[in-house]
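# Structure at a glance
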Amino acid sequence: MHVLRHSFAATAAEMGFSVLTIAGLLGHSVPGVTALYAHMPDLALVGAADRVAARIQSALDGMAIEAEIIPLRAAGTA
């Protein structure tokens, strides 16, 4: 049940509903409690996880994987 409430709140937040609205939907009287349920995922982390998962899936499917070269920055450079 907790996962369902969390998913509901996270989806509502993703759709742009305010924390106060989500608190009302969940029956919370203190919006701070709702913030624990209705957080947005870090899109950079989600994107990285999706890319890694795709690479692993390609390897499992036996597909050739082209190397992607990502330049590394020297320490102290921007």
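In this section: the nonpolar core. Formed by Ala-9, Ala-12, Ala-13, Ile-22 and Leu-26, the largest nonpolar core amounts to five residues. Mapped by element, the contributors of at least two residues to this core are helix H1 (2–14) and helix H2 (19–26). Considering each element in turn, this core owes the most residues, three residues, to H1.

Of note, Leu-36 is situated in helix H3 (residues 31–37). Accessibility expressed as a relative area gives 66% for Leu-36, which makes it exposed. In sequence terms Leu-36 and His-6 are 30 residues apart; their C-alpha atoms lie 8.4 Å from each other.

For H1, with 13 residues, the first-to-last C-alpha span of 18 Å sits near the 18 Å given by 1.5 Å per residue. Listed in full, the buried residues belonging to H1 are Ala-9, Ala-10, Ala-12 and Ala-13. Angular distribution of buried residues about the axis of H1 spans 160°; they occupy a single face of the element. Seen from the open side of H1, the exposed residues pointing more than 90 degrees away from its buried face are Val-3, Leu-4 and Glu-14. Of the residues trailing H1, Gly-16 is marked for its positive phi of about 100°.

Here the focus is the packing of H1 against H2. Between H1 and H2, whose axes approach to 10 Å, the crossing angle comes to 150°. Considering their axes alone, H1 and H2 lie roughly antiparallel with respect to each other. Handedness of the H1/H2 crossing: right-handed. Facing H1, whose interface residues are Arg-5, Phe-8, Ala-9, Ala-12 and Ala-13, H2 presents Ile-22, Leu-25 and Leu-26. For the contact of H1 with H2, the class distribution of residues is seven nonpolar, no polar and one charged.

Next up on the list: the confidence of the model for the protein. On average, residues of the protein carry a pLDDT of 78, and 71% of them reach 70 or more. At the low end of the mean pLDDT range in the protein sits H3, at 73; at the high end sits H2, at 88.

Cut-off values and rules
Residues numbered from 1 in each chain as written. Predicted model: local features only at pLDDT ≥ 70, side-chain atom pairs only at ≥ 80, totals over all residues. Heavy atoms only, no water. Core = buried A, V, L, I, M, F, W, Y, C linked by side-chain atoms within 4.5 Å. Buried < 20%, exposed > 50% of the residue type's maximum accessible area, 1.4 Å probe, protein only. Helix = DSSP H or I, 4+ residues; strand = E, 2+ residues; numbered from the N terminus. Expected span 1.5 Å × (residues − 1). Arc of directions from axis to C-beta. Axes fitted to C-alpha atoms, helices over the stretch in contact; angles between N-to-C directions. Parallel < 35°, antiparallel > 145°, perpendicular 65-115°, else oblique. Left-handed = near helix turned anticlockwise from the far one by under 90°. Contact = heavy atoms within 4.5 Å. Nonpolar A, V, L, I, M, F, W, Y, C, P; charged D, E, K, R; others polar. pLDDT = per-residue confidence, 0-100.

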